[in-house]
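Fold and contact review
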Amino acid sequence: DIELPKVGKGIGYCLALTGKAFEYIWKKDPKCEQEVTKQLLQKSAVFARMSPDGKASLIDALQSQQNLVGMCGDGANDCVALKTADVGISLSEAEASIAAPFTSKIPNISCVTEVLREGRAALSTSFQCFKYMALYSMIQFTSVSIMYYLGKNLTDMQCLIIDLVMIVPLAITMSRTKAAKELSKELPASNLISVPVLSSIVGQVIIQASFQIGLFMYLLTKPWYVPPIYDEDIDDNDPRSSMNHANTVIYCLTTIQYVATVVAFSVGKPFRKPMNSNVMFIINVMLLILLNFYVMLVPDHITRAIFNLDYPSYYKLSYNNFLSFVAFIALINAGITYLYETLIISKPVSYTHLTLPTSDLVQISVVAVSLKKK
């Protein structure tokens, strides 16, 4: 039978197992179904004099307990274990490098923290890019739905500017933020279909859609508002067929929403460096902010003609004042977007699986497993 060592209550300890001891346990309980076997795997910190097959069996046993297992090896006898592990790191460029997905030029395990830092940063970046592309689609879906309600749409030039001038550069540069220098105690989300990811997307969709719909409804109450005019002499592909007050207001608001959401999703800590370390991204964001507010606030006929924005020949003062109000609303929209993502959503999961019992003095005893044969 297998028995765990008896120690005083509140004293933390870990176990050291030899290869023969583990093989005995593995033969007794190959599926790791007994509670004592599970506790042994959880408490064991040292596995000495393991055979190549024993290393692979140990990894299988740990994986059967829903653990993600990493393995470092530097010889041919580690190849089986390196293939079996979820993350295999070869510490040499010899035979083990063929079996392992990662090869370190430094012949010690200090490379493990590097793999963890880069892996967490890559996973976090992938999730943030996914959320941004999903939200970009929903923002444009809302604006197009409003235009369809009026029987109109965004112009081809507006869609081209949104896609090529804004979304593509932002999506490329936001992913270039490097990994944080220090390995954090938190873990990034590991599943797209999870509460943090879905609540982030759904919450942001509600925020952006609410601002668009609310601003559109407020626009309809203005005495100078003119509904879209249907002119049979103007072809549907002509930009003039879609130029109207609602189109201009919604387009100006959404251009700020695209930038605000990418900034909210680019918060670096704790897995990536701060946002300001990504110089290309910051330059891109600043240029787009200046461009969008210039188009919105400066009554430049040439600029508004390029962007297919409506500029009436009457009520100019009231219309320009309303666009200034749109700029103010866009700033509030951006602030709420950022605060929702940073204060409510971005709360990483703490990793406490290997935390020892907390006390003023934690005594760690390395003991051996008692194997008794009846």
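Everything discussed here concerns the structure shown above.
Throughout this document, residue positions are counted from 1 along each chain, in the order its sequence is written. Two thresholds apply to this predicted model, a pLDDT of at least 70 for residue-level local features and 80 or more for giving and counting side-chain atom pairs, whereas whole-chain, interface and lining totals are computed over all residues. Heavy atoms throughout the structure, all of them, feed into the side-chain values; hydrogens and water do not.

This next bit is on a nonpolar patch on the surface. A surface patch of nonpolar side chains, about 500 Å² in accessible area, is lined by Met157, Leu160, Leu164, Val165, Val168 and Ile172. Relative to the helices and strands, Leu160 is located in helix H7 (residues 156-174). Residues qualify for a patch when their relative accessible area is over 30% and they have no salt bridge, like charges being joined within 9 Å and the nonpolar side chains of Val, Leu, Ile, Met, Phe, Trp and Tyr within 5 Å. Only the protein chains shown count as cover for residues, with accessible areas throughout obtained via the Shrake-Rupley method and a probe of 1.4 Å. Salt bridge criterion: a side-chain nitrogen from Lys or Arg within 4 Å of a carboxyl oxygen from Asp or Glu. Helix and strand labels come from DSSP, where a helix needs a run of H or I of at least four residues and a strand needs a run of E of at least two; each type is numbered from the N terminus.

This part takes up empty space enclosed by the protein. A cavity, in this analysis, means grid points on a 1 Å lattice covering only the protein atoms where a 1.4 Å probe fits yet has no way out; a pocket is instead an open set bounded by protein on both sides within 12 Å along at least five of seven lines, and a residue lines either one if it has an atom within 4 Å of a point. Grid points are joined across faces, edges and corners, and a volume is the space filled by probe spheres set on the points. Evaluation of the coordinates by the stated rule reveals 3 cavities of 30 Å³ or more. Approximately 60 Å³ is the volume found for the largest cavity. Surrounding the largest cavity, Leu17, Phe22, Ile25, Trp26, Asp29, Cys32, Thr37, Leu40, Leu41 and Ala61 form its lining. Among the elements of the structure, helix H1 (19-28) and helix H2 (35-43) are those that each provide at least two residues to the lining of the largest cavity. Classification used: nonpolar for Ala, Val, Leu, Ile, Met, Phe, Trp, Tyr, Cys and Pro, charged for Asp, Glu, Lys and Arg, polar for all others including Gly. The residue makeup of the lining of the largest cavity, split by class, is 8 nonpolar, 1 polar and 1 charged. Empty space within the second largest cavity amounts to approximately 40 Å³. Lining the second largest cavity are Arg117, Arg120, Ala180, Glu182, Leu183, Ser184, Pro270 and Phe271.

With a phi close to 55°, Arg49 is a non-glycine residue in the positive phi region. Tracing the backbone shows Arg49 in the loop between strand S3 (44-48) and helix H3 (52-64). Positioned with a positive phi, Gln66 is a non-glycine residue whose angle comes to about 65°. With respect to the secondary-structure elements, Gln66 resides in the loop between H3 and strand S4 (70-73). Exposure classes here rest on a 1.4 Å probe applied to the protein chains alone. A residue is buried below 20% of its type maximum, exposed above 50%, and partly exposed in between. With relative accessibility at 73%, the residue Gln66 sits in the exposed group.

Okay, the side chain of Ser57 next. Locating Ser57 in the fold gives a position in helix H3. Judged by its relative accessible area of 18%, Ser57 is buried. Any two residues whose heavy atoms approach within 4.5 Å are treated as being in contact. Not counting the four nearest positions on each side in its chain, Ser57 is found in contact with Phe22 and Trp26.

Tyr132, Leu170 and Tyr258 are the most contacted members of the largest nonpolar core, which totals 57 residues. Breaking this core down by element, the ones donating at least two residues are helix H6 (111-149), H7, helix H8 (195-220), helix H9 (245-264), helix H10 (279-297) and helix H12 (316-345). Filtering out sequence-adjacent residues up to four positions away, Leu170 remains in contact with Tyr132, Tyr258, Val259, Val262, Phe281, Asn284, Val285 and Leu288. In this text, buried Ala, Val, Leu, Ile, Met, Phe, Trp, Tyr and Cys residues form a nonpolar core when linked through side-chain atoms within 4.5 Å. Of all hydrophobic cores here, the second largest spans 17 residues; its members include Leu41, Leu58, Ile59 and Leu62.

Here the focus is the pairing of strand S5 (residues 87-90). One ladder, built from 4 bridges, connects S4 with S5; its direction is parallel. What sits directly across from Gly73, in S5, is Ser90. Think of it like this: strands point away, you trace from the first strand over the helix to the second, and a clockwise trace means the crossover is right-handed. With respect to chirality, the unit in which S4 leads through helix H4 (residues 79-84) into the neighbouring parallel S5 is right-handed. For two strands to be treated as a pair, DSSP must find no fewer than two bridges joining them. As judged from the 2 bridges shared by S5 and strand S6 (residues 102-103), these two strands associate in the parallel manner. Bridge pairing in S6 links Ser90 to Thr103.

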